[in-house]
Amino acid sequence: MPFAQTRTLLDDCPFTVRTIATPASNETMLVCDPSDLPGLCAYVTGRGAKLATMTGLDLVPLGEQLGVEFVFSVAAFDEFLRIRAPISLERRSYPSVTPAVPAAQWYEREVKDLFGIDPVGHPDPRRLVLHETFPHGYHPLRKNVSATEQAPTDARHFDYFEVQGEGVYELPVGPIHAGIIEPGHFRFSNIGELILHLDARLFYTHRGIEKRVEGKPASEALFTVERTCATCTVSHAVAFSTAVERLSGTQVSERATWLRTLLLELERLYNHVGDIGNLCAGAGFHAGTSRGAILKERLQRLNEELTGHRFLMGVVGVGGLRYDLHSSRLEHAARTLPELRDEFAAYVDMLLETRSFTHRLVGPGTLDLATAFALGGTGVSARAAGLATDYRIDHPHLAYPLLKPRRVVEEAGDVNARFLVRVGEVMEAFDLAERAIAGLPGGTVSAEIAPLPAGASALGYAESSRGANIHWLMAGSNSDVYRLRIRSASYANWPLVARAVVGNIVPDFPLINKSFELCYSCCDR
Amino acid sequence: MGIADLLLRPLRSPVVTAALPAPGGLPDRGHRGTPSLCSAPAAAAPLSTLCPVGAIQVGEHPNGACSLQIDYGKCLFCGNCVQASPSGELCAGNEFALVGRTRESVTATWTAASDGSIERQPAAGDAVGQSVAHRRCRSVHIRHLDAGSCNGCDWEMTALLNPVYDIQRLGLDFVASPRHADLLLVTGAMTRNLMQAARRTYEAMPEPRLVVAAGACAVSGGPFADSYATAGGAAPALPVDVFVPGCPPRPEALIHGILVAVENQGRR
């Protein structure tokens, strides 16, 4: 019975909960009283559940109230536990879950900015998503707020975290950075070159994607959703489409499933190879940067030769793929991938033989397992710290149950560990991509989407090159999007970066940041 | 072995730097291509529903003629219109240099007469720009500005510095500060959160200075136009000299856009 295993987490649960049916077979939804949220969330995390995402809700047009929902991954059972609490319009608050579950910290601040629901007792009540130009009291994701109107400008002050003490100074970096890189503000508190604290402030690329897609049919919304981030476009398209398919009970064909897997691994490949090249740039090793860039270019050209797009945008569709891939191009890919793998292996040999490069990597930016776990880390950044989470194995999706990817885990948690995890995953990704082409079934690639049950909600997820991307989707009354919450891997991992830099020197910050190589646009939406 | 190998390897490896293509065409790389009208449509009106961002407009005229306009500044190059056009009226072409010096000039308009003939008004901006790809120009320093992009345009920009595209052979390079820059290469829909930093970056540039809006989001807001969180492109905040359509524009198109901006500097 699908809910049976997750239900065992709730044996002897001292809180009153009510179960709600969900369309997806591995999701259990419970409704509790808002005052029970911290206790219940602590209770389930104490029994092995891990926070996966969290969303605010405005159900007022549906005749209900506001709400919050915390979603937990129960990897041991490949299930998800969703805990929802209705929040009345009069109260618009609930006791913060963050003191009990630190991983909730950004999610709760975001819901406060966008919905005006206050997590009382949150240790960091500052604004997160809306910067000073947005007026206070403006909550754009409320249904009674226009999606397109520009709120009046308000110039207020933002309080950066200050470290007090003699000789401590603040070093502000960004949002515009020296290289070709996304905008973000880093407020360091230093003594000399030693970093005591980093207050990282993002959301400079907040475009309002989630509000933008409300009211759109799913297939139209996908064009916007897949542009959340160009380098994670396949994982976002797969996660969103999967949520739609789970909501509607649509069966995706085997061929489309295997091709989606191939695309996801090709995305992982060019990202990891590019990130390794960037790591060389962070260490000042330009021969490594150049050679990595050539290999990344060859992989992106392969993407275009196979699918028509260098970033693989616009291939995944709701119900499968938007078009099939030609067998001649698949054969070309099957011939090219082994050549690129050999070139990558030679490239890594060169890097490992260059001691002035490898010495830079060992030590800086150490993230410990306990911090990675407490803050809900995912993907490469977590696996490099010994936290063995990989949604391809923990919550198997696409063709991964058949392809059985290998978990690549390191223990040291430093820049070198993140480098080694990427190297291992590149070799694994080449293998998975080649096997996906070799084992590709025939058949069609697109399926008609059945109508989405109005008011129902479901998750869709995919392991991107940076970690688990999780989409939470609620359908409206015309099979359109009522609410979409996009939780990218980078959103979960940015707080880890701020912890990893403490105790390092400022010149190592670019190297440490590049070793995480998180997306700002994935996080900011 | 290590250092000698590093020094000798480039001498033994083949040159990977690619010749820049003429604006008219690109070697076939299987790319999705640029949508255009290839045959007179039996019914024009349904074609405007094929675009998820409303880049296709149609108009009916007397005598059975109709017009179709594609705004490449909004176009996501997703191929939906080509895939879904009922009788293959829309097809994918090879042009990538869709650059224009005004917002209006990055649109293409076709007029289809009742006898089935089609006439097209050019999409690209200047005739001067057509010959630019092969010029060497004086050194131009470029400052990158991400005003809320998905990063596709920015990664293509990073590719400009790789050995394959190697813009340094054209005298172009990226610099760390707007104070050192001649040209501001802007991506993204201009989010409200970033607008103040964008204005300050432009104001920090010494004159003469150029602004190039790269990608659908910077040109028109792309899929993020009409959002509470964006201004809908670079033009509302900055004086844009050249618009480069694409989602993202390929590296060759970015180079073309930069060269058109430099070539036409000072001309109105």
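Everything here concerns the structure above.
Cut-offs applied
- All residue numbers refer to position in the chain's written sequence, counted from 1.
- To label them, take the chains in the order written and letter them from A, then take the ligands in the order written and number them from 1.
- Predicted model: local features are reported for residues with pLDDT of at least 70 only, side-chain atom pairs are reported and counted for 80 or more only, and whole-chain, interface and lining totals are derived from all residues.
- Hydrogens and water are ignored here; the side-chain numbers use all heavy atoms of the structure.
- Numbering of helices and strands runs from the N terminus, with a helix taken as a DSSP run of H or I at least four residues long and a strand as a DSSP run of E at least two residues long.
- Based on C-alpha atoms, the radius of gyration is set beside the globule rule, defined as 2.2 Å times the residue count to the power 0.38.
- To sort residues, take the accessible area from a 1.4 Å probe on protein chains only and compare it with the maximum for the residue type: under 20% means buried, over 50% means exposed, and anything in between is partly exposed.
- In this description, contact between two residues means that some pair of their heavy atoms is separated by no more than 4.5 Å.
- Neither His nor the chain ends contribute to the count of charged residues, in which Lys and Arg are positive and Asp and Glu negative.
- For this purpose, a charge sits on NZ of Lys, CZ of Arg, CG of Asp or CD of Glu.
- By convention in these notes, a salt bridge is any Lys or Arg side-chain nitrogen within 4 Å of a carboxyl oxygen on Asp or Glu.
- Any pair of nitrogen or oxygen atoms within 3.5 Å is treated as a polar contact; in protein, a donor-acceptor pairing is required on top of that, and neighbouring residues in sequence qualify only through side-chain atoms on both sides.
- For this analysis, a nonpolar core means a set of buried residues of the types Ala, Val, Leu, Ile, Met, Phe, Trp, Tyr and Cys, connected via side-chain atoms within 4.5 Å.
- One bridge is not enough; two strands pair if DSSP finds at least two bridges between them.
- Helix axes are fitted to C-alpha atoms over the stretch in contact, other axes to C-alpha atoms as well, and angles between N-to-C directions run from 0 to 180 degrees.

## A short note on the overall build of chain A
When helices and strands are tallied, chain A shows 18 helices and 15 strands. The globule rule puts the C-alpha radius of gyration for 525 residues at 24 Å, and the 23 Å found for chain A is close to it. On the principal axes, the C-alpha backbone points of chain A span a range of 70 × 65 × 50 Å. Looking at chain A residue by residue over its 525 residues, the buried ones come to 64%. The long-range fraction of contacts in chain A, counting pairs at least 24 apart against all pairs at least 6 apart in sequence, stands at 69%. Where the 52 positive side-chain charges of chain A centre and where its 61 negative ones centre are 2 Å apart.

## What to know about the side chain of E89(B)
Here E89(B) is to be found in the loop between α2 (80-84) and β4 (90-93). One buried charged residue, E89(B), forms no salt bridge at all, with the nearest opposite charge on R322(A) at 15 Å. In terms of polar contacts, E89(B) uses its side chain to reach the backbone amide nitrogen of S87(B), at 2.9 Å. Aside from chain neighbours lying at most four places away, what touches E89(B) is S36(B), L37(B), C38(B), S39(B), A40(B), P41(B), A42(B) and L47(B).

## Concerning the nonpolar core
Where a protein is soluble and globular, its nonpolar side chains tend to be buried together. By size, the foremost hydrophobic cluster in this structure holds 178 residues, and its most contacted members are V68(A), F70(A), F240(A) and F344(A). The greatest single-element share of this core, amounting to 13 residues, is contributed by helix α7 (residues 254-282) of chain A. Sequence-distant contacts of F344(A), defined by excluding residues within four places in its chain, comprise V273(A), I276(A), L295(A), V423(A), V426(A), M427(A) and F430(A). Residues I167(B), L170(B), F174(B) and V260(B) belong to the second largest nonpolar core, which totals 29 residues.

## Regarding the sheet that holds strand β5 (residues 107-112) of chain B
Residues and elements named next belong to chain B. Strand order in the open sheet formed by 4 strands is β2-β3-β5-β6, with antiparallel pairing between adjacent strands. Two strands in the sheet have a free side with no partner beyond their single neighbour: β2 (56-60) and β6 (118-121). Strand after strand, the sheet turns through a mean of 15° between neighbouring axes, direction not considered. Looking at chain direction, β2 and strand β3 (residues 66-71) are connected through 5 bridges and run antiparallel. The residue of β3 that forms the bridge with G59 is S67.

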